[in-house]
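# Geometric and topological summary
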Amino acid sequence: MNKVDHSFTIGNVKFNNTVLTASGTYGFGLEFAKIIDVSRLGGIATKGLSLEPKKGNPGERIYETPAGMLNSIGLENPGVDSFKKDYLPEAAKLGTKIIANISGSSLEEYGLMAESLESEKDVAALEVNISCPNVKAGGMAFGTDLKMVEKVTEIVKKNTTKPVIIKLSPNVTNIVDFAQAAQYSGADAVSLINTLMGMAIDINKRKPVLGNVMGGLSGPAVKPVALRMVYQVSQKAKIPVIGMGGISNPRDAIEFLLAGANAIMLGTINFREPQMPLDIIEGIEKYCLDNGFNSVQDLVGLAWKEEKHVKTNRCT
Amino acid sequence: MIILYLENCKVTAHQQVNETDYIITLQTDQIARVSEAGQFVQVKVTEGFEPILRRPLSIHTVDREKKEIKLYYQILGKGTEILSKVREEEIINLLGPLGTGFDTALENSKALLIGGGLGQAPLLYLAEELERKKNTVFLALGTRDEVSLRNVVCFDDVCQEVSLATEDGSVGFKGYITDNLPEIIETFKPERIYACGPSPMMKKIKEIAKTYQIPCQLSLETRMACGIGVCLGCTVKPSDQSKPYLKACVDGPVFWAEEVLLDE
């Protein structure tokens, strides 16, 4: 159906489309399959998995903000064993690639989860969550410490042959350093950004709205920040970059590709426009056809590549 | 398999009930065909990003022949404010039907429906379904004042009796409907209770239903993002604390009273 090549590759795994859905916003894909044809997606990053089941945070978990939302779900999930037994067999039938998003509260747990998923042929890749702002132990603590990013990447790589994607936190001084740390430690790709830490206060109760006080901000409000980070990281990284953060329409998605993302993930917009991933796939197709690109990958990084090109011309 | 529908629906009527409440009628081929009492739809109220999320609104009633659904809502924030300005003939996008509705596997029985304020929204469709199944339906409705009761005439055809309470005493019993509930129960002797309203009312009804040993279903309201069970935002505490949180959007919004632990 598509005239344009939408595929991209991470490690030895080829994904059929550059449009994927982001962890925590798509469950295991089963619910959205009741609304749209999810087989057209490049892949689905699962709800963040932990070694043991997690109940998540008590109290209010979500709050709407201008052009965005805060969440503090706290990684509620059935645990990796239940995922393998109860969800993966169904998710595998959806006809798209399943990326298992894993989250540990210790280095050892990251290793154990990678090992536990190694034999699952229906898991195409691992996305390592080192940047969840909503859990006390682990999560972002790993993602904001360069040494820990290296150690987590190494232990996951040691325990899997699947491509490893490190999901980066934007809550750091220089995200490029973290992308490079992941790359040097063997990561096959980086994905960014996770949510930005934020909060809201109920002025009648005079207390924070969210049960967990702070939460992660997502949605169109964070898009310029995410785009800037993708632009910075992709110029330094020698591994594929998956961009995300507030992408809400085909235009946003194309901006991320031009900024240097090899693929994009959609999150908050799924809650509002379940058909948007498919609209974006079509929008990218049209953009490529209208502008004479045969492959989506030809768009990647043009926002900075052209700039360098101009500079080169001036020098010579 | 596609079983939830994203539909562009034409507004065929939009009626203001009182200062804050509205009933919007929408033409929908699929959602009207498959909706059950107690389910809800996610309404996209704006092309802009404020609010970013859809509004979850109860299905008030369904006309399968005319392929129409009605939603009863109240202006509670920006989203419903925008919705209230939508005119007839305009198109609105709905996702639905969503959630687990009321258990209507009941025949030739006596059912008591209790609504508090906006809680009357999902009860009309329920009353119609129960009446169709040859049950005797009794409605107890409590609101702040007389103007909040203006839609109650809709229930007349399907309810054998309607008992009203207003906080200001302008109509019916003066006070909360729950204050009058023991008397209503003793008079009517219902075999099933269904209720929808604010949390303190739900808690009270749960206690009273337990005292009288009447099976009771509660339609609960929480903040909600996706409406389909993926974001895990709309938690409800299960009675069995060792179990995972229930999700209002898929496990509910209607729960058996004993399934859930209610806070104030």
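Residues numbered from 1 in each chain as written. Chains lettered and ligands numbered in written order. Predicted model: local features only at pLDDT ≥ 70, side-chain atom pairs only at ≥ 80, totals over all residues.

### Details of the overall build of chain B
- Looking only at helices and strands, chain B has 5 helices and 15 strands in total.
- In terms of overall dimensions, chain B is globule-like: its C-alpha atoms have a radius of gyration of 18 Å, near the 18 Å expected for 264 residues.
- Projecting the C-alpha coordinates of chain B onto the three principal axes gives extents of approximately 50 × 45 × 35 Å.
- Within chain B, the proportion of its 264 residues that are buried is 50%.
- The long-range fraction of contacts in chain B, counting pairs at least 24 apart against all pairs at least 6 apart in sequence, stands at 63%. (Helix = DSSP H or I, 4+ residues; strand = E, 2+ residues; numbered from the N terminus. Rg over C-alpha atoms; globule rule 2.2 N^0.38 Å. Buried ≥ 20, exposed ≤ 12 C-beta atoms within 10 Å, placed from the backbone. Contact = placed C-beta atoms within 7 Å.)

### Side note on the environment of Leu262 of chain B
Residue and element names in this part refer to chain B.
- Looking at where Leu262 falls in the secondary structure, it is placed in the segment after strand E15 (254-256).
- Each C-alpha atom, one on Leu262 and one on Val45, is 30 Å from the other, the two residues being 217 residues apart in sequence.
- Contact partners of Leu262, with chain neighbours within four places excluded, come to Ser199, Met202, Lys203 and Lys206.

### A word on the domain arrangement of chain B
Residues and elements named next belong to chain B.
- Per the domain assignment, the segments of chain B are domain 1 (5-98) and domain 2 (110-259).
- Centre-to-centre separation of domain 1 and domain 2, based on C-alpha positions: 21 Å.
- Among the secondary structure elements, those contributing two or more residues to the side of domain 1 that touches domain 2 are strand E3 (40-44), strand E4 (55-63), strand E5 (68-74) and strand E6 (91-98).
- Sort the elements by how many residues they give to the side of domain 1 that touches domain 2 and E4 lands first, with 6 residues.
- Classifying every residue of the side of domain 1 that touches domain 2 gives 11 nonpolar, 7 polar and 2 charged. (Domains from an automatic or database assignment. Nonpolar A, V, L, I, M, F, W, Y, C, P; charged D, E, K, R; others polar.)

### So, helix H3 (residues 123-132) of chain B
Residue and element names in this part refer to chain B.
- Burial of H3 is extensive: 8 of the 10 residues sit out of reach of the surface.
- All buried positions along H3 are accounted for by Leu123, Leu124, Tyr125, Leu126, Ala127, Glu128, Glu129 and Leu130.
- In the core, the buried residues of H3 are packed alongside E4, strand E7 (110-116), strand E8 (136-143) and strand E11 (192-196).
- With its phi angle positive at about 65°, Lys134 sits one or two positions after the end of H3.

### Digging into the interface of chain B and chain A
- Opposite the 25 residues of chain B that make contact, chain A presents 26 residues.
- Of the residues in the side of chain B that touches chain A, the class split is 18 nonpolar, 3 polar and 4 charged.

### Thoughts on the sheet that holds strand E2 (residues 21-27) of chain B
Residue and element names in this part refer to chain B.
- Here 6 strands make up a closed barrel; going around it, the order is E1-E2-E5-E4-E3-E6 and the pairing antiparallel. Strand-to-strand twist across the sheet, computed as the mean angle between neighbouring axes with direction ignored, equals 45°.
- As defined by bridge partners, strand E1 (residues 5-16) adjoins E6 across 6 bridges and the pair is classed as antiparallel. Its bridge partner being in E6, Cys9 is matched across the sheet by Ile92. (Pairing = 2+ DSSP bridges. Axes fitted to C-alpha atoms, helices over the stretch in contact; angles between N-to-C directions.)

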